[in-house]
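Report on the structure
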Amino acid sequence: MNTSPHPDTNFAAGGSAPDSMAPDTGKPGFGIYLHWPFCAAKCPYCDFNSHVRHAGIDQQAYVSAFQQEIAAMRLLSGPQVVTSIFFGGGTPSLMSPDTVGAILDAVRAAWVVPEGIEITLEANPSSVEAGRFRGYRQAGVNRVSMGVQALNDADLKRLGRLHDRAEALKAIGLARDIFPRMSFDLIYARPDQTADAWASELEEAISLAADHLSLYQLTIEEGTPFYGLHKAGKLIVPDGELSAELYELTRQVCERHGLPAYEVSNHARPGAESRHNLTYWRYGDYAGIGPGAHGRLSTKAGKIATATERTPEQWLKLVAENGHGMIETSELSATEQADELLLMGLRLREGIDLKRWRALSGRDLDRDRTDFLIHHGMIEQMGTDRIRCTPAGMLVLDAVVADLAI
Ligand code: SF4
């Protein structure tokens, strides 16, 4: 492993994004997001659109519904060249490789899918799911993103995960052997976690990772079991100060090992960034297919936001009735688009292109506000036409965006 810091990893020093990261050309691509909404069990911190169905799932029924919704989405998007495909969830590794293959075939029939584009599947590292990895590779998946979440059994248990450390290590090894690219997620700022414990766990994760890691802070979301426990004082998580320390530690350790943060929570060797997620953050277009998926499509009528029905069975019913499960297709005003560009783009280390923002909003950012945020070290200018958040600004990203968007 190359442990020398990348020459362009000094965040505070300004300058442009690393040369080897695909440059922001203003053409952020066209991604396909496919949502598989089922999980084997519900994790106590999770507020994603994920459902447990102990009676089993008729995968063939979902395949036909995906095929129909893909065709409907193609009508909305018009002909496009796909730049990435992403199976997210829920737990897409509960799909059989045949299901994945059939859905990929439907995507290829609807749009142009060039050979070799990034095709990612989110997977959980249980032994059963890892047993399907070769099948996914044969179906065309070339990148997995695994929900490892912790590298010790006590925390995995506390997070309600169904795998243990030994299974996670085995799945990571298998993924490295089978897929050209792989990433895994860890959650930090966990109950009782100290900075020292996280630093050594992170060092181990980096030694296991290929070239990409997603490192998320545990957040307590309303409506989850963790929310109730936290409110009742039975779940103590790191306070704001320790969370900020852990965030900074994460950034520094990853950078030292050549995996700088290219987004708030995502770290990669330059060139190994997730192309699909870059399309979101660079505010490109993406078709969101499957229960509870969201999309952004540029149509003749302008850029539209799409959303589909969240409950899987209700989504199936809607698709049977209408040929799709979309419950929202709304046109985005220029201001909404400019706000979204800001919200997504400031997550990135490369920041945003102000020319593009001006073209959308029809105005300049408020000079007094930008000067104020620059003065307080929250954002920084990169040349004349780019700004980005500093690491300090990333910690209060929502407030920075709210301040600039006005
Ligand atoms: S496996 Fe992922 S999507 Fe499913 S419940 Fe757990 S955190 Fe949520």
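For clarity, every value in this text was computed on a predicted model and none was experimentally measured.

**Structural notes on the overall build of the protein**
Per the secondary structure count, the protein includes 16 helices and 14 strands. Its C-alpha atoms give the protein a radius of gyration of 21 Å, within 12% of the compact-globule value 22 Å for 406 residues. Projected onto its principal axes, the C-alpha positions of the protein cover 55 × 55 × 45 Å. Residue burial in the protein is summarised as follows: out of 406 residues, 53% are buried.

**Details of the pairing of strand β5 (residues 181-188)**
Where burial is concerned, most of β5 is hidden: seven out of the eight residues are buried. As paired strands, strand β4 (residues 143-149) and β5 are joined by six bridges and run parallel to one another. From the neighbouring strand, Q149 faces β5, where its bridge partner is L186. In terms of handedness, the path from β5 via helix α7 (residues 195-208) over to strand β6 (residues 212-217) forms a crossover that is right-handed.

**Details of the UniProt feature "domain: Radical SAM core" (unreviewed entry) in the protein**
Look at the UniProt record and you will see "domain: Radical SAM core" (unreviewed entry) annotated at residues 24-260. The distance from the first to the last C-alpha atom of residues 24-260 is 17 Å, and the span holds 43% helix and 17% strand.

**Focus on the pattern of salt bridges**
Pairs may arise between side chains of opposite charge once their charged atoms sit close together. A complete count under the given rule lists 22 salt bridges for this structure. Notably, a salt bridge pairs R53 with E313, separated by 2.6 Å at the nearest N-O pair. Of the two residues, R53 sits in the loop between β1 (30-36) and α1 (59-77) while E313 sits in helix α11 (residues 312-322), which places them 260 residues apart along the sequence. Using a relative accessible area of 36% as the deciding quantity, one classes E313 as partly exposed. Connected via shared salt-bridge partners are D155, R190 and E201.

**Some remarks on the side chain of N142**
As for its position among the elements, N142 is in the loop between α4 (133-139) and β4. At 2.7 Å, the side chain of N142 and the backbone nitrogen of I119 are in polar contact.

**Remarks on the site of the ligand**
As a structural note, the neighbourhood of the ligand is formed by C39, A41, K42, C43, Y45, C46, F48, S50, G90, T91, N124 and R161. By residue class, the composition of the shell around the ligand is six nonpolar, four polar and two charged.

**Concerning the sheet that holds strand β12 (residues 352-353)**
Taken in spatial order, the three strands of this open sheet run β12-β14-β13, and their pairing is antiparallel. What marks the edges here is a single partner per strand, and that holds for β12 and β13 (379-381).

**A look at a negative patch on the surface**
A surface patch of negative charge is lined by D196, D239, E241 and E245. Considering the arrangement of structural elements, one finds E241 in helix α9 (residues 240-256). For E241, a relative accessible area of 68% puts it in the exposed group.

**Overview of the nonpolar core**
Counting 91 residues, the largest nonpolar core has I85 and W111 as the members making the most contacts within it. Three or more residues apiece are contributed to this core by two domains, here domain 1 (30-279) and domain 2 (334-405). Not counting the four nearest positions on each side in its chain, I85 is found in contact with I32, L34, L104, V107, V113, I117, E118, I119, T120 and H276. One finds Y280, Y286, A293 and L348 within the second-largest nonpolar core, a separate group that totals 12 residues.

**Examining α9**
With 17 residues, α9 should reach 24 Å at 1.5 Å per residue; the first-to-last C-alpha distance of 24 Å fits that figure. S243, L246, Y247, L249, T250, R251, V253, C254 and E255 are the residues of α9 that are buried. Contacts from the buried residues of α9 go to β5, α7, β6, β7 (266-268) and α15 (391-395). Positive backbone phi, approximately 85°, marks G258, located one or two places after α9.

**A look at the environment of C389**
Position of C389 among the secondary structure elements: in strand β14 (residues 386-389). Linking C389 and E350, residues 39 residues apart in sequence, is a C-alpha distance of 8.9 Å.

**Describing the packing of α1 against helix α2 (residues 97-110)**
Direction vectors running N to C along α1 and α2 enclose 15°, while the axes themselves pass 9 Å from each other. In terms of orientation, α1 lies roughly parallel with respect to α2. Read as a crossing pair, α1 and α2 show a hand that is right-handed. Judged by residue contacts, Q59, V63, F66, Q67, I70 and R74 of α1 engage T99, A102, I103, A106, V107 and A110 from α2.

Scoring rules and cut-offs
- Residues numbered from 1 in each chain as written.
- Predicted model: local features only at pLDDT ≥ 70, side-chain atom pairs only at ≥ 80, totals over all residues.
- Heavy atoms only, no water.
- Helix = DSSP H or I, 4+ residues; strand = E, 2+ residues; numbered from the N terminus.
- Rg over C-alpha atoms; globule rule 2.2 N^0.38 Å.
- Buried < 20%, exposed > 50% of the residue type's maximum accessible area, 1.4 Å probe, protein only.
- Pairing = 2+ DSSP bridges.
- Right-handed = clockwise from strand over helix to strand, strands pointing away.
- UniProt positions renumbered as here; feature names shortened; annotations may be inferred.
- Salt bridge = Lys/Arg side-chain N within 4 Å of Asp/Glu carboxyl O.
- Polar contact = N/O pair within 3.5 Å; in protein donor to acceptor, adjacent residues only side chain to side chain.
- Near = heavy atom within 4 Å.
- Nonpolar A, V, L, I, M, F, W, Y, C, P; charged D, E, K, R; others polar.
- Patch = residues over 30% accessible without salt bridge, like charges linked within 9 Å, V, L, I, M, F, W, Y side chains within 5 Å.
- Areas by Shrake-Rupley, 256 points an atom, 1.4 Å probe, with all protein chains shown as cover.
- Lys, Arg positive; Asp, Glu negative; His and termini not counted.
- Charge placed at Lys NZ, Arg CZ, Asp CG, Glu CD.
- Core = buried A, V, L, I, M, F, W, Y, C linked by side-chain atoms within 4.5 Å.
- Domains from an automatic or database assignment.
- Contact = heavy atoms within 4.5 Å.
- Expected span 1.5 Å × (residues − 1).
- Axes fitted to C-alpha atoms, helices over the stretch in contact; angles between N-to-C directions.
- Parallel < 35°, antiparallel > 145°, perpendicular 65-115°, else oblique.
- Left-handed = near helix turned anticlockwise from the far one by under 90°.

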